[in-house]
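Inside the fold
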Amino acid sequence: MSEAVVPDAMVSPAVGGLHGEKAGGPAVDFSYVGIDAILEQMRRKAMKQGFELNIMVVGQSGLGKSTLMNTLFKSKVSRKSVLATAQEKIPKTIEIKSISHDIEEKGVRMKLTVIDTPGFGDQINNENCWQPIMKFINDQYEAYLQEEININRKKRIPDSRVHCCIYFIPPTGHCLRPLDVEFMRRLSKVVNIVPVIAKADTLTLEERDFFKKKIREELRANGIDVYPQKEFDEDAEDRMINEKIREMIPFAVVGSDQEYQVNGRRLLGRKTKWGTIEVENIAHCEFAYLRDLLIRTHMQNIKDITSSIHYEMYRVRRLNENNTVMAHANGIPEHHLSKEKFHSL
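Residues numbered from 1 in each chain as written. Predicted model: local features only at pLDDT ≥ 70, side-chain atom pairs only at ≥ 80, totals over all residues. Heavy atoms only, no water.

An unreviewed UniProt entry lists the chain under the name Septin-type G domain-containing protein, with Dicentrarchus labrax as the source organism. According to the UniProt record, the Sequence similarities (unreviewed entry) comment for the chain reads "Belongs to the TRAFAC class TrmE-Era-EngA-EngB-Septin-like GTPase superfamily. Septin GTPase family." The UniProt entry for the chain carries this comment under Subcellular location (unreviewed entry): "Cytoplasm, Cytoskeleton". (UniProt positions renumbered as here; feature names shortened; annotations may be inferred.)

All right, on to unusual backbone geometry then. Between Tyr227 and the following residue, Pro228, the backbone shows a cis peptide bond with an omega angle of 0°. Residues Ile249 and Pro250 are joined by a peptide bond in cis, for which omega reads 0°. The phi angle at Lys74 is positive, at roughly 50°, despite the residue not being glycine. Examined against the element boundaries, Lys74 turns out to sit in the loop between α2 (65–73) and α3 (79–82). Overall, Lys74 belongs to the exposed group, its relative accessible area being 54%. Even without being a glycine, Lys199 presents a positive backbone phi close to 45°. The exposure class of Lys199 is partly exposed, given its relative accessible area of 33%. (Helix = DSSP H or I, 4+ residues; strand = E, 2+ residues; numbered from the N terminus. Buried < 20%, exposed > 50% of the residue type's maximum accessible area, 1.4 Å probe, protein only.)

For the rest of this paragraph, the subject is the packing of helix α4 (residues 131–148) against helix α5 (residues 178–187). The contact between α4 and α5 brings their axes to 11 Å, and the two run at 20°. One element, α4, and the other, α5, form an angle in the roughly parallel class. The two elements α4 and α5 meet at a crossing, and its hand is right-handed. Only Phe183, Arg186 and Leu187 of α5 make contact with α4, whose side of the interface consists of Ile133, Met134 and Ile137. Residues belonging to the contact of α4 with α5 are distributed by class as follows: five nonpolar, no polar and one charged. (Axes fitted to C-alpha atoms, helices over the stretch in contact; angles between N-to-C directions. Parallel < 35°, antiparallel > 145°, perpendicular 65-115°, else oblique. Left-handed = near helix turned anticlockwise from the far one by under 90°. Contact = heavy atoms within 4.5 Å. Nonpolar A, V, L, I, M, F, W, Y, C, P; charged D, E, K, R; others polar.)

What the rule picks out here adds up to six aromatic pairs. Plain terms: the ring middles of Phe120 and Phe183 are 5.2 Å apart, the flat faces sit at 70° to each other, and that makes the pair edge-to-face. In this pair, Phe120 is assigned in the loop between β3 (108–116) and α4 and Phe183 in helix α5, connecting sequence segments 63 residues apart. For the pair formed by Phe120 and Phe183, the shared burial category is buried. For the pair Tyr144 and Tyr311, a centre-to-centre distance of 5.2 Å together with 80° between the ring planes defines the contact as edge-to-face. With Tyr144 in helix α4 and Tyr311 in helix α9 (residues 299–329), this residue pair connects regions lying 167 residues apart in the sequence. (Phe/Tyr/Trp six-rings, centres within 6.5 Å; stacked < 30°, edge-to-face > 60°.)

The next subject is the pairing of strand β1 (residues 51–58). A large share of β1 lies buried, amounting to seven of its eight residues. Taken together, the seven bridges between β1 and β3 define a ladder with parallel strand orientation. Paired with Met56 across the bridge in β3 is Ile115. Taken together, the four bridges between β1 and strand β4 (residues 164–169) define a ladder with parallel strand orientation. In the sheet register, Met56 faces β4, and the bridge partner there is Cys165. (Pairing = 2+ DSSP bridges.)

This part covers α5. Across the ten residues of α5, seven count as buried, placing the element largely inside the fold. Those residues of α5 that fall on the buried side of the exposure criterion are Leu179, Asp180, Val181, Glu182, Phe183, Met184 and Leu187. The secondary structure elements touched by the buried residues of α5 are β1, α4, β4, β5 (193–197) and α6 (205–221).

In structure tokens form, the structure reads like this:
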């Protein structure tokens, strides 16, 4: 009887030779199961799907929002860069404008959406100017919720939720304006806010340090919780890393998409009569710390908090509202409804 031949590709690599040795190779570790291979499987799947990041920039005109976004991603990603017009007037009311890009680096694909808010803080009367921004953020949560509760929902729901809001503080060197306090107080409850001092090269180092300290005191005094929030630190290691970040907030940044030659090196910077301000030099500004936070160390955490905290709070509130409306339509008294909610907790 002829013997069945098993192709090489079908032989498990863990089997090896008769005595636990590969032909011409070292002994196989029979205690190895291969659980760690899940990391490679997850990496391959994530690489196929790509990633999404939605960043909102808020601040009055002239603070360098577009330049900073271009500097962060080393590309022309801002609204002004892509849709530049000969003359752009300040809008009479706040407009929300977003633009998306597909970015690829070393085989990793990411869909980046930059949401701009032209008109914010530019009017004589800025009362309630945060309302259109709040509405836009909640509208994205609502769109995601509606997709999620569909009977035949998509395999992968498009994510337009705002993951992070970079709030630009004017470099006055004194204290936060009432507008800054009110905006961050309200919006910090629905989105991750990262405050930055714009055009920090207009301040001396002493002015910058005083201004940063003053802002941190005002944030604490007004109960404003900016990212990374203390209550979401998962363990002691996270707490230690995030404490260092919280001590630096707000980041004093300088943006530039212009390259200059300095000591034989090409680098991004702003040229003045006294020398070149190097954007990525931590001795000159804190742009590198901001970039690391948003992209290199905390991007996934920012997205996770958006999904598990901010969106979840919105989802619970909306579903409770729907239950209340349905109960009233069916003639159920509100105190009965509150008892049912209590027993369901």
